[in-house]
Amino acid sequence: MPRPGFVLDVDRSTPPILTWHGEGFRLERLPADRSRVIYAPEPLAGLDDPDAAIWEALHQPRGDSPPLPDLLRAGMRLTIAFDDVSLPLPPMQGPDNRQRVIEAVLELAARAGVDDVVLICALALHRRMTESELRHAVGDRVYDSFAPHGLLLQHDAEDPDGLTHLGVTDRGEDVEINRRAAESDLIVYVNINLVAMDGGHKSVATGLASYRSLRHHHNVRTMRHSRSFMDQHNSELHSSNWRMGRLIRDAGIKVFQIETTLNNDAFPKPMAFLQKREWEWDLRDRAAYLATSAALRRTPPAAARSIFHSVKAPYEMTGVWAGEVEAVHAATTEAVYAQQLVPVEGQSDVAIFGVPYICPYNVNSIMNPILVMCMGLGYLFNLYRGKPIVRQGGVAILSHPTPWAFNPVHHPSYIDFFEEVLADTTDPIEIEKTYEERFANDEWYRHLYRTSHAYHGVHPFYMWYWGSHALEHLGDVIIVGGDPAAVRRLGFSPATTLADALEMAADTVGPSPTISHLHCPPIMLADVR
Amino acid sequence: MRALQVERSVTRFAAARAASGWRPGAGGKVGPLRLAEIDPPELPGPEWLRLRPRLAGICGSDLATVDARSSQWFEPIVTFPFVPGHEVVADTDDGRRVVVEPVLGCAVRGIDPPCPACAAGQARRCHRLTAGHLAPGLQTGFCADVGGGWSTGLVAHPAQLHEVPDAMADEAAVLVEPVACGLHGALAGPAPGDGLAVVIGAGTIGLAALAAITRFRPDIERTIVVAKHPVQRDHARRLGATTVVGAGEVRRAVRRTTGGWLLDNGQLTAGAGLVLDCVGSPASIADALAVARPGGTITLLGMPGHTTVDLTPLWQREIALAGAYAYGPEPSQQGRHSFDLAIELIDAAGLGSLLSATYTLERHAEAIAHAAEAGRRGAVKVAFDLRPGPRGPGRRR
Amino acid sequence: MTSLPGSTPPKRKVPVNLERLRDGGPAAWARAASRLRPRPSTFPFGPPTWPTSVPRPPLERHLGVAYDTSWARRPPARVARLLVTELLTTPAMRALARPEVRGLDRLASLDEPVVFAANHASHVDTPLVLSVLPEPWRHRTVVAGAADYFFDTRAKAAASALVIGAVPIERTRISRASTYQLQALLADRWSLVIFPEGGRSPDGWGRPHEPGAAWLAVRAGVAVVPLHIEGTRRVLPRGTSRPSPGRTTVTFGRPLRAGDGVDARALAVELEAAIAALADEATGDWYSARRRAAAGASPRLTGPDAVGAWRRSWALGPGGRSGRASAPAPGGRRWPKL
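Computed from a prediction, not measured in an experiment: that's the story for all the values here. Counting of residues starts from 1 at the beginning of each chain's written sequence and follows it residue by residue. Naming scheme: in the order in which they are written, chains are lettered from A and ligands are numbered from 1. The model is predicted, so local features are restricted to residues of pLDDT at least 70 and side-chain atom pairs to those at 80 or more, both for listing and for counting; the totals for chains, interfaces and linings are taken over all residues.

(A) Structural detail: the overall build of chain C. Segments assigned H or I by DSSP are reported as helices when at least four residues long, segments assigned E as strands when at least two residues long, and all are numbered from the N terminus. When you go through chain C residue by residue, the secondary structure sums to eleven helices and seven strands. Buried residues are those with 20 or more other C-beta atoms within 10 Å of their own C-beta, exposed residues have 12 or fewer, and partly exposed residues lie in between; C-beta atoms are placed from the backbone. The buried share of chain C, taken over its 338 residues, is 37%. A pair of residues counts as a contact when their C-beta atoms, built from backbone coordinates, are separated by no more than 7 Å. Residue pairs in contact within chain C that sit at least 24 positions apart in sequence constitute 69% of those at least 6 positions apart.

Have a look at this one:
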């Protein structure tokens, strides 16, 4: 029986706590009697027979949707859209949920005799996936059946001929999505709901949308009114997506949503110590920790990065639901909460976030300084429901080497954002006002996004907006162990050790501050009361 | 007379070369430069004057000499032993305060009739640097017969002297020569066509060129300046740079401004019409070739020395690569002399603040080390203070 | 905010008693220093410390009752244990506890595995009994050790199994697994030393017996030998770690057997009474003790009921709980009269 999440009050006999630090980790001793560590619930048991569960979900859909076989007929246009490489994190050991679901859907489509089937990777403004990434996501059988015929596509938000403008919501938001999807008789959307932010109407309304449409909710105002974006009922990001999703539905586009959830078993056996409570580390865990840290110290960063990025998570599917978008997503959200919620009492003055080597936007890539900010202040800070784990005016301490390094193929516009925009200002409003349009319309970025494997020119702005709620909420941000020049460019304070950082934090929040340490990954969601 | 002298000593040159490989400016300690008590230079001719230097700057070419990193090119056009120092503000015996235009052309050498270049007023291009009644030497400060600024006395021909306005401080006047250099380079290039200029390097020359662009080049609307050190960035912003970027960021900055593509090997599809390279290193020349637009011009203000660089873009894009050396009448400014323009520019742009520190001759090793690492140590120009009295040693601004 | 530890200032800033520091001399200073300076943790090289606020989970599967001790009854371990018993335990016990052994003659006619059931006051009890056991039981005996105490870590479990031949057993209620194991051992001609009180006496007085020993004997059809140990309480009382040499008496009782129709509960009562009688015998003379036993009036080992803690200690006589308050009065009573 997996144990629920747990909040440890740190006392003098508490061992040092594992803190992620990019491609590595440290054991940090926290001040006794005023610190707490928030541990994720243990992984729930996976489904015994995922394929049978998928089959059942397709035949017994949620909401007012007929079963999938009833929606399929010969001669129809069917589009299967699926989540991109940003999910799940780390990538899961095969077979991926998407492969299982897509194969089941295609099995039914084959029985119904559907000829016109196209698969679209719903990557919005993310980078295009590589062949090996696509093969991992959809499986070799699907890839080899569709890709050679040009039927396995990646969404192109800048294709002048590939988009359809469906209308404007009552709040004036343009809804423009992939033309092939819009003109299909049925869109089947296959998702992996890793965190509560994913899924629902966001799948189609964001994943298959254009920049023109996305900018209505990917902006500073929306993000500052999403508290947090992990809680769809208090998230302007989701309200906007829901308005768009309903407009898409009312425009007559049929979406059959299939959502899957995972447990949070993020690391394979040899690295199990990464998700264990430190005082329960046995001899093997300690040996694994010591061996890994010793090896990492001797490994060049690039090699360490490729080792970490080759790690595949032993995630297991915990649930699958299909049918009408909102009904499906209600069930999915509940399942995500069941795995991830940890009740936490009250806020603290300081929050410590160990930033790991991966975030949704650097799979097989470098976690550049902008992504460090996004991971720390965008994702980890927002892993809350109710209120943030750190109080208004408090301090966030991130732990990450934060090298001044970028992947020029994946993140070309990030480099310019870092060199030009952040050198000028770190204020999200100012950045949005002064720079966004030029980056969004830059021909070169557009070219790289469409033809290479680059994130869209505007994507670094979204990273910055993702953290804008935290920037507004916090009194200071300190990065432990980061490249000082890069950290200062981000507008944050560099510190060498956690002890230094805590002393610096005391300048902002007063002496002997209370401290929360989010022991993440594995992913959790702090339910702060 | 006390003077810093460069002697021809193979062992000292070798030692300087080795030491400066380890740390720039280390040649000041072990190299060919030494403080000596020498006889003042004799007056080469009746019209010549004796000068008593007040301040004498340390220039990049001086550092190259002291560190034994100068090009072999200079071998026949310098004479040993010489007293370096060509950025000089000095007093004449008749009580005038002057700056020295160090070029030793036909008029100074007593050659009559002058060579075609000197006849045209372009003494810096003189054909007879090795002839006449002076020993070979391209400038004051590289010639055995005339002395140099790093001493308490030198001789100069009246044609070399430019009077300093009374209102101008010595500390500003010592910058006239280097600012004239930068200014000349900034005025030398053609109109960029696209209104965009790139200045690579923000030492004294780079900043002077930037100030000159801001003041004298209305055809240039935007200037991207590559500055390595914070102090240089601050000056660059103050002197009118549109964008200031770090080393290694220039290609992206130019791409952002011109809207082209940056290809995999680092070349741009578009670029700037005029590029001023005020560094002269292989990397800076490669950057210049990468960011110059097809048909653009690169002006080399920095002394390049031996350089390995891929010139294919020069050919494929019809880029003009030109040097800009010294000073003279500036055609684009109605023939006004670079020195006069420099005096005006120093005053108007407040370039006097570029002088960061002064040293006595006795502390020359420290001075050389400071100058060699000026940017990193928050300085721009370092000079020797030769004025007698309590104002002297180690004064910093 | 208020719910977090540390949001209210701690009551005492310095975790040492300053008055004690003033009066206590170097020892108090050393103690204070160790409190102020947290002991350097060897984690992750050594095992982690356990946060005080987190309850310890039940033992891991392969430890505790589930610990397999069969390796300790194979020849190499038996030879090692024989050497330890003869070369270390027995001389040490002679020096430390100077045991006087009584009643061995009562076992003369016995040549079969038995259950030795003894009262329990000290860690010395086990080695003491092992050092005085006669043949044929001397090197074919296992000791029932509390699973939660002797078998909670791997190292402790291995050492217990090797040195004293311990087998894990629950303190209060014997599980099916350990019953089978012990029964099998008895059937395999191993004898068993067991302390029916289920643990060492907390205050010097005995504790009520658990029925396990008698029940096991009935199930296995073997005799129970009551055993009374006197004096170990003073050699190494519970709660101390430094023994002080003293005199002890080990009295073997007459083997008890469950007759036909006698159930385990009756045998347990009989066993408890027999040990009490042996205690009586150890402090006085045999016949008086027998008479009191026959009348059911042997002094109870569990001490007076329903009285204050101090009266229980008082009734225990000299050398109460701490064991060394004063030496026993010469010729004085070594077992209290109630």
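(B) Examining the nonpolar core more closely. Nonpolar core, as used here: buried Ala, Val, Leu, Ile, Met, Phe, Trp, Tyr and Cys residues forming one set through C-beta atoms within 7 Å. Residues Ala396(A), Leu183(B) and Ala209(B) are the most contacted members of the largest nonpolar core, which totals 302 residues. With nine residues, helix α14 (residues 369-380) of chain A is the largest single contributor of residues to this core. When neighbours within four sequence positions are excluded, Ala209(B) is seen to be in contact with Gly182(B), Leu183(B), Gly185(B), Ala186(B), Val199(B), Leu276(B), Cys278(B) and Leu301(B).

(C) Local environment of the interface of chain B and chain A. Contacts between the two partners involve ten residues from chain B and, on the opposite side, eight residues from chain A. A per-element tally of the side of chain B that touches chain A places helix α10 (residues 250-258) of chain B first, with four residues. Under the scheme applied here, ten amino acids are nonpolar (Ala, Val, Leu, Ile, Met, Phe, Trp, Tyr, Cys and Pro), four are charged (Asp, Glu, Lys and Arg), and all others, including Gly, are polar. Looking at side-chain class alone, the side of chain B that touches chain A contains four nonpolar, two polar and four charged residues.

(D) Structural view of the packing of helix α15 (residues 412-424) of chain A against α10(B). In the contact formed by α15(A) and α10(B), the axes pass within 10 Å of each other and the chain directions differ by 95°. The angle between α15(A) and α10(B) places the two elements in the roughly perpendicular class. Contact with α15(A), carried on its side by Ile415(A), Asp416(A), Glu419(A) and Glu420(A), involves Arg252(B), Ala253(B) and Arg256(B) of α10(B) and no other residues of that element. In the contact of α15(A) with α10(B), the residues fall into two nonpolar, no polar and five charged. As a rule, the C-alpha atoms of each element are fitted with a line to give its axis, helices using only the stretch in contact, and angles between N-to-C directions run from 0 to 180 degrees. Roughly parallel refers to an angle under 35 degrees, roughly antiparallel to one over 145, roughly perpendicular to one between 65 and 115, and oblique to any angle outside these ranges.

(E) Layout of the sheet that holds strand β16 (residues 390-399) of chain A. Residues and elements named next belong to chain A. Pairing between strands is defined by DSSP: at least two bridges between the two strands are required. As summarised here, the arrangement of the seven strands in space is β1-β4-β19-β14-β16-β17-β18, forming an open sheet in which the pairing is mixed. Because the sheet does not close on itself, it has two edges, and the strands there are β1 (6-9) and β18 (493-495). Within this sheet the neighbouring strands show an average axis-to-axis angle of 25°, counted without direction. Taken together, the three bridges between strand β17 (residues 476-480) and β18 define a ladder with parallel strand orientation. Of the residues in β18, the one forming a bridge with Ile478 is Ser493. Across the face of the sheet, α14 comes into contact with β14 (348-354), β16, β17 and β19 (515-519) while running at roughly 140° to β16. Of the strands in this sheet, β14, β16, β17 and β18 are in contact with helix α22 (residues 498-509), which crosses β17 at around 170°.

(F) Representation of the confidence of the model for chain C. Residues and elements named next belong to chain C. Every residue gets a pLDDT, meaning the predictor's confidence in that residue, from 0 to 100. Of all residues in chain C, 78% attain a pLDDT of 70 or more, and the chain-wide mean is 77. Here residues 5-10 is a poorly scored stretch, pLDDT under 50, and it has eleven contacts once near neighbours within four places are set aside; other chains count. Predicted confidence is poor over residues 319-338, with pLDDT under 50, and the contacts of this stretch with residues over four places away or in other chains come to 38 contacts. Taken together, the chains of this predicted complex give a pTM of 0.76 and an interface ipTM of 0.84.

(G) Spotlight on the sheet that holds strand β13 (residues 341-344) of chain A. Residues and elements named next belong to chain A. The parallel open sheet is built from three strands, whose spatial order is β13-β20-β15. Unpaired on one side and paired on the other, β13 and β15 (384-385) mark the two borders of the sheet. Pairing of β15 with strand β20 (residues 525-528) involves two bridges; the strand directions are parallel. Paired with Tyr384 across the strands is Ala526, a residue of β20.

(H) Here's a closer look at the packing of helix α7 (residues 176-188) of chain B against helix α13 (residues 338-349) of chain B. All names here are of chain B. The N-to-C vectors of α7 and α13 enclose an angle of 105°; their axes lie 8 Å apart at closest approach. Classified by the interaxial angle, the pair formed by α7 and α13 is roughly perpendicular. Along its contact with α7, which presents Val176, Val179, Ala180, Leu183 and His184, the element α13 presents Ser338, Phe339, Leu341, Ala342, Ile343, Leu345 and Ile346. The class makeup of the residues in the contact of α7 with α13 is ten nonpolar, two polar and no charged.

(I) Layout of the arrangement of the chains. There are two pairs of chains in contact here; the most contacts are made by chains A and C. There is no contact between chain B and chain C; across them, the least C-alpha separation is 43 Å.

(J) Quick look at the pairing of strand β6 (residues 116-121) of chain A. All names here are of chain A. One ladder, built from six bridges, connects strand β5 (residues 77-82) with β6; its direction is parallel. Paired with Ile80 across the two strands is Leu119, which belongs to β6. Crossovers are marked right-handed if the path from the first strand over the helix to the second runs clockwise, as seen with the strands pointing away from the viewer. In this view, the connection linking β5 to its parallel neighbour β6 by way of helix α3 (residues 97-112) has right-handed handedness. Note that β6 and strand β7 (residues 152-154) share three bridges and pair parallel. In the strand pairing of β7, Ile120 is matched with Leu153.

(K) Summary view of unusual backbone geometry. Following Cys520(A), the chain continues into Pro521(A) via a peptide bond in cis, with omega recorded as 0°. Tracing the chain through its elements places Pro521(A) in the loop between β19 and β20. Cis geometry marks the peptide bond from Asp112(B) to Pro113(B); its omega dihedral reads 0°. Relative to the assigned elements, Pro113(B) resides in the loop between α4 (106-109) and α5 (116-119). One non-glycine residue, Glu318(B), adopts positive backbone phi at about 50°. Relative to the assigned elements, Glu318(B) resides in the loop between α12 (312-316) and β13 (320-323). Positive phi outside glycine occurs at Arg98(C), with the angle close to 40°. Note that Arg98(C) resides in the loop between α2 (75-97) and β1 (99-102).

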